[in-house]
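# Results of the structural survey
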Amino acid sequence: MTTKKYTVTLPEELAEAIRAEVGSGGFSRYVARALERQHERDRLHEFVGWWELEHGPVSDEDLAEAEAERRDLERRHIEQARTRGLLRDAG
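The following paragraphs examine the structure supplied in this document. (Residues numbered from 1 in each chain as written. Predicted model: local features only at pLDDT ≥ 70, side-chain atom pairs only at ≥ 80, totals over all residues. Heavy atoms only, no water.)

## Some points on the overall build of the chain
- Along the chain, the regular secondary structure elements total 3 helices and 0 strands.
- By the compact-globule yardstick of 12 Å for 91 residues, the chain is too spread out, its C-alpha radius of gyration being 19 Å.
- Within the chain, the fraction of its 91 residues that count as buried is 5%.
- As displayed, the chain has an accessible area near 8800 Å², and 53% of this comes from carbon and sulfur atoms.
- In the chain, 15 positive and 20 negative side-chain charges are present, and the distance between their average locations comes to 10 Å. (Helix = DSSP H or I, 4+ residues; strand = E, 2+ residues; numbered from the N terminus. Rg over C-alpha atoms; globule rule 2.2 N^0.38 Å. Buried < 20%, exposed > 50% of the residue type's maximum accessible area, 1.4 Å probe, protein only. Areas by Shrake-Rupley, 256 points an atom, 1.4 Å probe, with all protein chains shown as cover. Lys, Arg positive; Asp, Glu negative; His and termini not counted. Charge placed at Lys NZ, Arg CZ, Asp CG, Glu CD.)

Right, here's the structure in full:
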């Protein structure tokens, strides 16, 4: 992927906290990943808006069902990771 240098203004405390965690060499990668995630979230919000225009608002029941499915998928993923030795139990 081609990269280009940009100048951005960030809150100093936030930038320094991140730099302390990831090191100066990882700072740009961290910021790029954060921008990617925000971009994905923005597209998702656009999709939800379109969906609701086409099909009406998402109900609390629909949200609860989706959350239950998400938790189930996460639980299954963790179980599979443990089975494959990719994840250890804490403690």
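## As for helix H2 (residues 27-55)
- Compared with the 42 Å implied by 1.5 Å per residue over 29 residues, the 42 Å span of H2 between its first and last C-alpha is a close match.
- Remark: Gly56 follows H2 within two positions and exhibits a positive phi of approximately 90°. (Expected span 1.5 Å × (residues − 1).)

## A word on the packing of aromatic side chains
- One pass over the structure, following the stated rule, counts 3 aromatic pairs.
- Between the aromatic rings of Phe47 and Trp51, the centroid separation amounts to 6.3 Å while the plane-to-plane angle is 35°, which identifies the pairing as tilted. Of the two residues, Phe47 and Trp51 both sit in helix H2, 4 residues apart, roughly one turn of that helix.
- A relative accessible area of 42% places Phe47 in the partly exposed class.
- A network of ring pairs unites the aromatic residues Phe47, Trp50 and Trp51 as a single cluster.
- Against the face of Phe27 rests Arg19, its NZ or CZ located 4.6 Å from the ring centre. (Phe/Tyr/Trp six-rings, centres within 6.5 Å; stacked < 30°, edge-to-face > 60°. Lys NZ or Arg CZ within 6 Å of the ring centre and 35° of its normal.)

## Quick word on the pattern of salt bridges
- Applying the stated criterion across every chain yields a total of 7 salt bridges.
- One salt bridge connects Glu46 with Arg43, and the closest N-O pair in it is separated by 2.6 Å. Of this pair, Glu46 and Arg43 are both found in helix H2, 3 residues apart, which corresponds to roughly one turn of the helix.
- Across the pair Asp72 and Arg75 runs a salt bridge whose closest N-O atoms are separated by 2.4 Å. Here Arg75 and Asp72 lie together in helix H3 (residues 60-83), a separation of 3 residues that amounts to about one turn.
- Judged by its relative accessible area of 28%, Asp72 is partly exposed.
- In this structure Arg75 comes out as partly exposed when scored by relative accessible area, which is 39%.
- Members of the salt-bridge network, linked through shared partners, are Glu67, Arg70, Arg71 and Glu74. (Salt bridge = Lys/Arg side-chain N within 4 Å of Asp/Glu carboxyl O.)

## So, a negative patch on the surface
- Judged by side-chain charge, Asp60, Glu61, Asp62, Glu65 and Glu69 come together as a negatively charged surface patch.
- Looking at the secondary structure, you find Asp60 in helix H3. (Patch = residues over 30% accessible without salt bridge, like charges linked within 9 Å, V, L, I, M, F, W, Y side chains within 5 Å.)

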